[in-house]
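If you want the building blocks of each chain, they are given just below.
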Amino acid sequence: ALLAAATGVLVAAALGVAGVVYQAREARAQAVLAQREAEKATSIKDYLLAIFEANSTTHPDGAAARQTTAEELMRMATNQLLESPGKDADVRFELMGILSDIHAQLETFEPQESLNKERIRLAEAEFGVADPRLAHAYNDHSEFLRTRQRFDEAIAAANRAIELREAQGDRT
């Protein structure tokens, strides 16, 4: 009986330690994820601020810098992003989505389409077909194409997004 009790205490202690170790690993993983998200947010903020700094450098006279339109700033930001592939893939993917959304608001469709296409290419090359970001990028591009009344292309992009999601096990 004493041996059974000691064994029970030992098993309970081992399970307790295992639970604590598991929780510590989970907490560490969550901390790493939170740190990564914070770094990504800082990179995005720094990138957007750099666009305004570049405009100030291009137009050292404050009055001239103020005359730069939102569309011009967005074209500068888009061109710089598309021409600088060395940035972190997560940050580039996020920035492309943000800039694409702003271009949609400004109705500057050519750079929006360029961003959408590059976002798909980036997601496929850097994250792979198993990553939900690729399907998301296809969904976004499908919506862009639909708003431009390019329905056949929109359907093809939407179907590709569905194929990817189904392959990923997403049935929603």
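Calculation criteria
- Residues numbered from 1 in each chain as written.
- Predicted model: local features only at pLDDT ≥ 70, side-chain atom pairs only at ≥ 80, totals over all residues.
- Heavy atoms only, no water.
- Core = buried A, V, L, I, M, F, W, Y, C linked by side-chain atoms within 4.5 Å.
- Buried < 20%, exposed > 50% of the residue type's maximum accessible area, 1.4 Å probe, protein only.
- Helix = DSSP H or I, 4+ residues; strand = E, 2+ residues; numbered from the N terminus.
- Contact = heavy atoms within 4.5 Å.
- Expected span 1.5 Å × (residues − 1).
- Arc of directions from axis to C-beta.
- Polar contact = N/O pair within 3.5 Å; in protein donor to acceptor, adjacent residues only side chain to side chain.
- Salt bridge = Lys/Arg side-chain N within 4 Å of Asp/Glu carboxyl O.
- Phe/Tyr/Trp six-rings, centres within 6.5 Å; stacked < 30°, edge-to-face > 60°.
- Lys NZ or Arg CZ within 6 Å of the ring centre and 35° of its normal.

Caption draft 1: Local environment of the nonpolar core. Ranked by size, the top nonpolar core spans 28 residues in total, and within it Tyr47, Leu81, Phe93, Leu95, Leu99, Leu134 and Tyr138 carry the most contacts. Broken down by secondary-structure element, the contributors of at least two residues to this core are α1 (2–58), α3 (70–82), α4 (89–106), α5 (109–127), α6 (132–147) and α7 (151–167). Beyond its immediate chain neighbours, meaning those up to four positions away, Leu95 contacts Ile44, Tyr47, Leu48 and Leu81.

Caption draft 2: Examining α3 more closely. Across its 13 residues, α3 extends 18 Å between first and last C-alpha, which sits within 8% of the 18 Å expected from 1.5 Å per residue. Listed as buried for α3 are Leu73, Met74, Ala77, Thr78 and Leu81. Summarising the axial view, the buried residues of α3 lie within an arc of 130°, below the 170-degree limit, and thus occupy one face.

Caption draft 3: Representation of the environment of Arg133 within the structure. Structurally, Arg133 can be placed in helix α6. Take Arg133: its relative accessible area is 27%, and that puts it in the partly exposed class. Sequence separation of Arg133 and Gln168 is 35 residues, and the distance between their C-alpha atoms is 11 Å. Apart from residues no more than four positions distant in its own chain, Arg133 is found in contact with Asp90, Phe93, Ala123 and Phe127. A polar contact of 2.7 Å, which involves the side chain of Arg133, links it to the side chain of Asp131.

Caption draft 4: Main features of the pattern of salt bridges. For the structure on display, the rule yields 11 salt bridges. As a salt-bridge pair, Asp140 and Arg119 come within 2.6 Å of each other at their nearest N and O atoms. Here Asp140, found in helix α6, pairs with Arg119, found in helix α5; they are 21 residues apart in sequence, far enough to count as distant. Residue Asp131 is joined to Arg133 by a salt bridge in which the shortest nitrogen-to-oxygen separation is 2.7 Å. Classification of Asp131 by relative accessible area gives buried; the value is 15%. Overlapping salt bridges, with partners in common, bring together Glu113, Lys117, Arg150 and Glu153 in one network.

Caption draft 5: Structural view of the packing of aromatic side chains. The final tally for this structure, using the stated rule, is one aromatic pair. Judged by centre distance (5.7 Å) and plane angle (85°), the ring pair of Phe93 and Phe127 falls under edge-to-face. Here Phe127 lies in helix α5 and Phe93 lies in helix α4, a separation of 34 residues in the sequence. There is no split in this pair, since Phe93 and Phe127 are both buried. Against the face of Phe93 rests Arg119, its NZ or CZ located 4.0 Å from the ring centre.

Caption draft 6: Main features of α7. In this model α7 runs 24 Å from its N-terminal to its C-terminal C-alpha over 17 residues, within 8% of the 24 Å that 1.5 Å per residue would give. All of the buried residues in α7 are Ala154, Ala157, Ala161 and Leu164. End-on, the buried residues of α7 take up no more than an arc of 90°, which puts them together on one face. Along α7, exposed side chains directed more than 90 degrees from the buried face belong to Asp152, Ile155 and Ala167. Buried residues along α7 sit in contact with α6. Of the residues one or two after α7, Gly169 is the one with positive phi, at around 90°.

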